[in-house]
Amino acid sequence: MIATTGGRQIFVNEALGNAFDSQAEHFLRGNVDVDGEAIRWEAMIIDRKARMYFGPFPAFLRIPLNLIYPAGHGMWSRISGFLAGEIALLAFAGLLTDALRNSSLSARARNWFGSACLAGFVFGTPLLFLLGNLSIYNEAIIWAFAWTLAALFFAIRSRSTEGRAQTVSLGAFSFCAAAALLSRVTFGAPLLLIAPILAIHIPRDNRWRQWTTLFLPLGAGLCFYLLLSYARFGTFAGISLDHYINPWHREFAHKYGMFSLRRIPYSVADYFRFRFPSFQWQAPFLKADRYFYARPQLYSNAFSETYLPVTWTASWLLAGAIFGAICLFRRNYLFERGVAVAFALQAIGILSYFVLSQRYSVELYPLLIFCFLIFLRQDATFLPRIHPAIIGLVVFSMIINSLATVSWLADSDPNIRNDTRAIYQQLLGRPVLDQKSESK
């Protein structure tokens with residue numbers, strides 16, 4: 001419901017929502033440009049032509065959608081985000097079902113615990129925020145997140161199957177990994193590392209066929225990504241801020257770098273802090289906003305947009321992930337350790353980035369989810385004792401995250417359209433001023 005603000009809006013031109021449609025049109029013309037008025041303040045100007053640094057997958061999705069319904073041009077963000085959210089939910093449900101099947105909980109406890117975790121995944125993670133604001137920034141991330149979870153599901157499934165079933169799982173993993181890479185490279189990179197780990201554990205029988213199935217779609221996706229990066233920016237690295245239209249971020253990156261390990265302790269303090277949102281008397285009763293976090297030699301902005309840290313957004317998932325990490329250290333799970341290291345490198349990458357934002361915290365969740373699943377699968381003594389407490393944390397996270405997210409969408413998010421913001425304020429029982437229905 002939040003993806004369509006109560007079912008009232010489906011076809012909406014979100015912030016920079018035309019950019020993916022423009023990119024799709026230019027792909028069909030055989031070039032990698034994008035209309036400058038579509039990408040505006042996020043443009044890369046190269047040879048007087050506008051380029052975009054966002055992954056191309058949402059643009060590919062626009063091609064059939066615009067052919068089927070041309071009137072929807074520039075207004076597919078909500079439908080696109082809803083589809084991605086469904087894939088993410090189905091993938092998490094599959095992962096959760098598989099983990100609980102091997103857990104030490106009773107059948108009754110599994111049903112209650114599984115239902116709570118599914119609700120927590122929707123309302124007690126940043127998924128709610130991504131669906132609430134489907135601007136160009138969040139649409140790319142939610143697709144990458146969804147494909148990552150789907151790839152993880154098929155990776156784990158391939159470990160417990162043989163023959164044709166294993167071939168299908170490996171092929172599905174490869175496709176999902178390639179789609180994640182083409183949605184957002186930071187999500188796809190750890191999957192590139194996981195693929196060789198899967199290959200090592202493939203039995204000798206029909207190994208070459210399995211390897212071909214595993215590496216062909218992923219290799220094609222990687223080649224396309226590299227060629228697209230070179231065509232866009234003249235480099236295989238994926239992005240270059242040398243041509244970024246934003247002079248402040250461009251100069252900061254030149255001086256201090258986009259990534260720096262020096263930022264990790266400060267980013268951890270931001271994304272996992274215990275600072276609670278302030279209370280207010282009117283609905284939604286929590287006030288979510290940016291806060292001052294000036295580190296002029298570390299971050300390009302003097303504030304953080306992490307309105308709710310992981311500590312409160314997903315307390316249940318964080319607690320389970322900590323126990324899962326302990327299980328990994330205590331027992332010799334080579335495959336699981338390899339996957340955890342791959343996702344840990346993704347987390348380190350975003351913790352060393354030069355901007356702090358709620359949407360970037362999603363990069364931490366593949367590691368948290370994987371460690372949480374390890375806890376469910378491997379812990380035989382502690383889980384039966386504390387699963388009621390984790391259910392309690394799910395309820396707590398759902399309440400806090402929902403209230404804070406609605407507050408952010410209604411009052412603070414700069415990428416929310418004015419008419420959409422007015423709908424949220426009306427749902428909260430506030431007086432609505434006359435506003436123009438224009439995005440940022």
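What you see is a predicted model; the values in this text were computed from it and never measured.

Draft legend 1. Spatial organisation of the packing of helix H7 (residues 136-159) against helix H8 (residues 163-183). Where H7 contacts H8, the axes come no closer than 8 Å and their chain directions differ by 160°. The orientation of H7 relative to H8 falls into the category roughly antiparallel. The hand of the H7/H8 crossing is left-handed. Where H7 abuts H8, its residues Ala140, Trp143, Ala144, Trp147, Thr148, Ala150, Ala151, Phe154, Ala155, Arg157 and Ser158 lie against Gln166, Ser169, Leu170, Ala172, Phe173, Phe175, Cys176, Ala177, Ala179, Ala180 and Ser183.

Draft legend 2. Focus on the packing of helix H4 (residues 77-101) against helix H5 (residues 107-123). With their axes 10 Å apart at the nearest point, H4 and H5 run at an angle of 155° to one another. By the angle class used here, H4 and H5 are roughly antiparallel. Pair H4 / H5 crosses with right-handed handedness. Packed against H4, whose contacting residues are Ala88, Leu89, Phe92, Ala93, Leu96, Leu100 and Arg101, the element H5 presents Arg110, Phe113, Gly114, Cys117, Leu118, Phe121 and Val122 at the interface. Looking at the contact of H4 with H5 residue by residue, the classes come out as 11 nonpolar, one polar and two charged.

Draft legend 3. Focus on the layout of surface pockets. Roughly 980 Å³ of internal volume is contained in the largest pocket. Elements represented by at least two residues in the lining of the largest pocket include exactly H7, H8, helix H9 (185-200) and helix H10 (207-233). Tallying contributions element by element places H10 first for the lining of the largest pocket, with four residues. The class makeup of the residues in the lining of the largest pocket is 27 nonpolar, 10 polar and six charged.

Draft legend 4. Region of the structure containing empty space enclosed by the protein. Enumeration according to the criterion identifies one cavity of 30 Å³ or more in this entry. Empty space within the largest cavity amounts to approximately 60 Å³. As for the largest cavity, its lining consists of Phe129, Asn133, Ser135, Asn138, Glu305, Ser357, Arg359, Trp408, Asp413, Pro414 and Asn415.

Draft legend 5. Layout of unusual backbone geometry. Following alanine 283, the chain continues to proline 284 via a peptide bond in cis, the omega torsion being 10°. Note on placement: proline 284 falls in the loop between strand E3 (278-279) and strand E4 (286-287). One non-glycine residue, leucine 16, adopts positive backbone phi at about 60°. Within the fold, leucine 16 resides in the segment before helix H1 (18-29).

Draft legend 6. The arrangement of the nonpolar core in detail. In this structure, Phe173, Trp316 and Leu376 are the most contacted members of the largest nonpolar core, which totals 122 residues. A total of 13 residues in this core trace back to one element, the largest contributor, which is H7. Each residue touching leucine 376, except ones within four places of it in the same chain, is listed here: Leu96, Ala99, Leu100, Ser103, Phe113 and Leu383. Judged by nonpolar contacts, the second largest core, of 17 residues, contains Leu16, Ala50, Ile136 and Leu228.

Draft legend 7. Structural detail: the pattern of salt bridges. In this structure the tally under the stated criterion is 13 salt bridges. Two residues, arginine 78 and glutamate 14, come together in a salt bridge whose shortest N-O distance is 2.5 Å. Of this pair, arginine 78 sits in helix H4 while glutamate 14 sits in the segment before H1; the two residues are 64 residues apart in sequence, bridging distant segments of the chain. Residue class for glutamate 14 comes out buried when judged on its relative accessible area of 2%. Its salt-bridge partner being arginine 62, residue glutamate 139 comes within 2.7 Å of it at the nearest N-O pair. A residue pair is termed long-range when its members are at least 10 positions apart, and glutamate 139 in helix H7 and arginine 62 in helix H3 (residues 57-68) qualify at 77 residues. Note on glutamate 139: relative accessible area 0%, which makes it buried. Each of Asp21, Arg62 and Glu139 takes part in a single network of salt bridges with overlapping partners.

Cut-off values and rules
- Residues numbered from 1 in each chain as written.
- Predicted model: local features only at pLDDT ≥ 70, side-chain atom pairs only at ≥ 80, totals over all residues.
- Heavy atoms only, no water.
- Axes fitted to C-alpha atoms, helices over the stretch in contact; angles between N-to-C directions.
- Helix = DSSP H or I, 4+ residues; strand = E, 2+ residues; numbered from the N terminus.
- Parallel < 35°, antiparallel > 145°, perpendicular 65-115°, else oblique.
- Left-handed = near helix turned anticlockwise from the far one by under 90°.
- Contact = heavy atoms within 4.5 Å.
- Nonpolar A, V, L, I, M, F, W, Y, C, P; charged D, E, K, R; others polar.
- 1 Å grid on protein atoms, 1.4 Å probe; cavity = no way out; pocket = protein on both sides within 12 Å on 5 of 7 lines; lining within 4 Å.
- Points joined across faces, edges and corners; volume = space filled by probe spheres on them.
- Core = buried A, V, L, I, M, F, W, Y, C linked by side-chain atoms within 4.5 Å.
- Buried < 20%, exposed > 50% of the residue type's maximum accessible area, 1.4 Å probe, protein only.
- Salt bridge = Lys/Arg side-chain N within 4 Å of Asp/Glu carboxyl O.

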